[in-house]
Amino acid sequence: MTTTVQDVTDLYPTRDGERTRVIERRDPVVQGSAEQGPMDAETLRGFDAKGYLTIDELITGEELELFRAELKRLSEDPEVKADERTVVEAKSDEVRSIFDIHRSNEIFAKIANDPRVVDRARQILGSDVYIHQSRINYKPSFVGKDFTWHSDFETWHAEDGMPTPRAVSISISLTDNYSYNGPLMIMPGSHKHYISAQEKTPEDNHKQSLVMQGAGVPDPETLTEFADRFGIDVLEGPAGGAVMFDSNCMHASNGNVTPYPRSNVFIVYNSVENTCVEPFAAPKPRPEHIASTDFTPAGR
C-alpha cells in the first residue's frame, strides 16, 4: 500500500498562502552515536550545533583527477547536454548541473556508495540511508550564476513529500573553493528553525527553480533576521575535501565572476525511515531523476 500525504501529519506546513513564519524544528539533528560510525562525539556535537561539518581530504588525488576528467567529458558531450537530467545556465547555455549522476554514471555511482560517505550519513541519521538526489554542479568561470538563500528540506518537503528533515547532503569539492568563486555559505544554527514560505508552488516549478530558485525562498526580512542571529559562514577549502550539511540549513552561494570554476559532486542521503510520500505543497511529485523513489539502501 502506498503511503499518502493524508496518512502523515504535516509537522512543517509551507506554501499555504499564509504569511512567512518560523517553526522550531521538531526532530533531533543527530540520531546516531559515536559508536556507530567513523566520527567521534565532538564532531557529532559540532554538527548538531552548526548544522554542518567539513572533511579536509575525503578523496585521493588520483580520484580527484578521475572525477575532473569525467566532469569535463560530460560537459562536452552533446547528448548529455540535451538530456532532461541536465540543467544549463539561462544566458550562457553552459552546463549548470547534471542530475541523477549516481545512476547514470559508474564513476560517480562508486563514490555515492562509498563507505567514506555513506557511513557518515548513516551515523548522523541513525539508520540506513538511500540516495534521494544526486548531481554534479559546474558553476563555470565568469558565467556561473548564484543559488539564492533557501532550505533544501523546505523544497523536498513541499515538492517531493519528504516528511521530516532527517536527511543530509554532502558536497565533494572537485575544484578549490575560494571566498570569491561562489563557495557554499551557511547560516550556522539555522537548521534548528524551519522557515515556512508563503508563496504557493507553481505547476512544474522544477523547470524554473533548478535554474533560479523562486517558490520557497524566504522573504528578505526573515533572512536578515536569521543572518543577524546566526551569522554567515563562508566555506572555503581545497579540492578533494567535502562539506556535509543538514537538510534544513539556510544556505546559498554567490555567482562566479572569476576565472576559477567551482565544481562539486552533490549527493543527498535520506533515512530509510523517512521515505517520501505525496508532495505536501505541490500539485504532483517532481521527476524521478530529481527526487528518487528508489529507497534501496546506499552502500549495501
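Every value quoted in this text rests on a predicted model; they were computed, and no experiment measured them. (Residues numbered from 1 in each chain as written. Predicted model: local features only at pLDDT ≥ 70, side-chain atom pairs only at ≥ 80, totals over all residues. Heavy atoms only, no water.)

### Quick word on unusual backbone geometry
We apply this condition: Secondary structure elements are defined from DSSP: runs of H or I of at least 4 residues count as helices, runs of E of at least 2 residues count as strands, and each element is numbered from the N terminus. Exposed residues in this analysis have more than 50% of their type's maximum accessible area, buried residues have under 20%, and partly exposed residues fall in between, with area computed by a 1.4 Å probe over protein chains only.
One non-glycine residue with positive phi stands out, namely Arg15, at about 55°. The topology assignment puts Arg15 in the segment before strand S1 (21–24). The class for Arg15 is buried, based on a relative accessible area of 4%. Notably, Asp100 is not glycine yet its phi reads approximately 60°, a positive angle. By relative accessible area, which is 7% here, Asp100 ends up buried.

### Description of the side chain of Ser151
This is how the line gets drawn: Counting of polar contacts relies on pairs of N or O atoms within 3.5 Å, with two restrictions inside protein: one atom must be capable of donating a hydrogen and the other of accepting it, and residues adjacent in sequence are counted only when both atoms are side-chain atoms. The contact definition used throughout considers only heavy atoms, calling two residues in contact when any of these lie within 4.5 Å.
By the secondary structure assignment, Ser151 is in strand S6 (residues 147–151). By relative accessible area, Ser151 is classed as buried at 5%. At 3.3 Å, the side chain of Ser151 and the backbone nitrogen of Phe153 are in polar contact. Once you skip the residues sitting within four places of it in the chain, Ser151 turns out to touch Ser247, Asn248, Cys249 and Met250.

### Description of the pairing of strand S11 (residues 242–246)
A regular strand carries its side chains on alternate faces of the sheet. To keep things clear, this is the line we draw: Strands are treated as partners if at least two bridges between them are detected by DSSP.
Across the five residues of S11, five count as buried, placing the element largely inside the fold. Burial of S11 is two-sided: the residues Ala242, Met244 and Asp246 facing one way and the residues Val243 and Phe245 facing the other way are all buried. Where strand S2 (residues 52–55) and S11 come together, four bridges link them in antiparallel fashion. What sits directly across from Thr54, in S11, is Val243.

### Let's talk about the nonpolar core
Filter applied, for reference: To form a nonpolar core, buried Ala, Val, Leu, Ile, Met, Phe, Trp, Tyr and Cys residues must be joined to one another through side-chain atoms within 4.5 Å.
By size, the foremost hydrophobic cluster in this structure holds 40 residues, and its most contacted members are Ile124, Ile136, Ile170, Ile172 and Tyr269. Ile136 has contacts with Leu71, Leu74, Arg96, Ser97, Ile98, Ile101, Phe108, Asn264 and Val265, leaving out every residue within four places of it along the chain. In this structure, Trp156, Leu235, Phe245 and Val268 belong to the second largest nonpolar core, which totals 18 residues.

### Regarding the pairing of strand S4 (residues 95–99)
Most of S4 sits out of view: five of its five residues are buried. As paired elements, strand S3 (residues 86–88) and S4 share three bridges and run antiparallel to each other. Pairing of Val87 across the sheet is with Ser97, part of S4. What sits between S3 and S4 in their antiparallel hairpin is a turn of six residues, with Asp93 showing a positive phi close to 65°. Relative to strand S5 (residues 129–137), S4 runs antiparallel, the two being bridged by three bridges. Across the sheet, residue Ser97 finds its bridge partner in S5, namely Asn137.

### Details of the pattern of salt bridges
A pair can form between side chains of opposite charge whenever their charged atoms are brought close. Heads up, the condition is: Throughout this description, the term salt bridge denotes a Lys or Arg side-chain nitrogen within 4 Å of a carboxyl oxygen of Asp or Glu.
Summed over all chains, the structure comprises 20 salt bridges. A salt bridge links Arg85 to Asp83; its shortest N-O distance comes to 2.9 Å. The shortest N-O distance in the salt bridge between Arg103 and Asp100 comes to 2.8 Å. The exposure class assigned to Arg103 is partly exposed, which follows from its relative accessible area of 36%. If you follow the salt bridges from partner to partner, you end up with Asp119, Arg122, Asp128 and Arg300 in one network.

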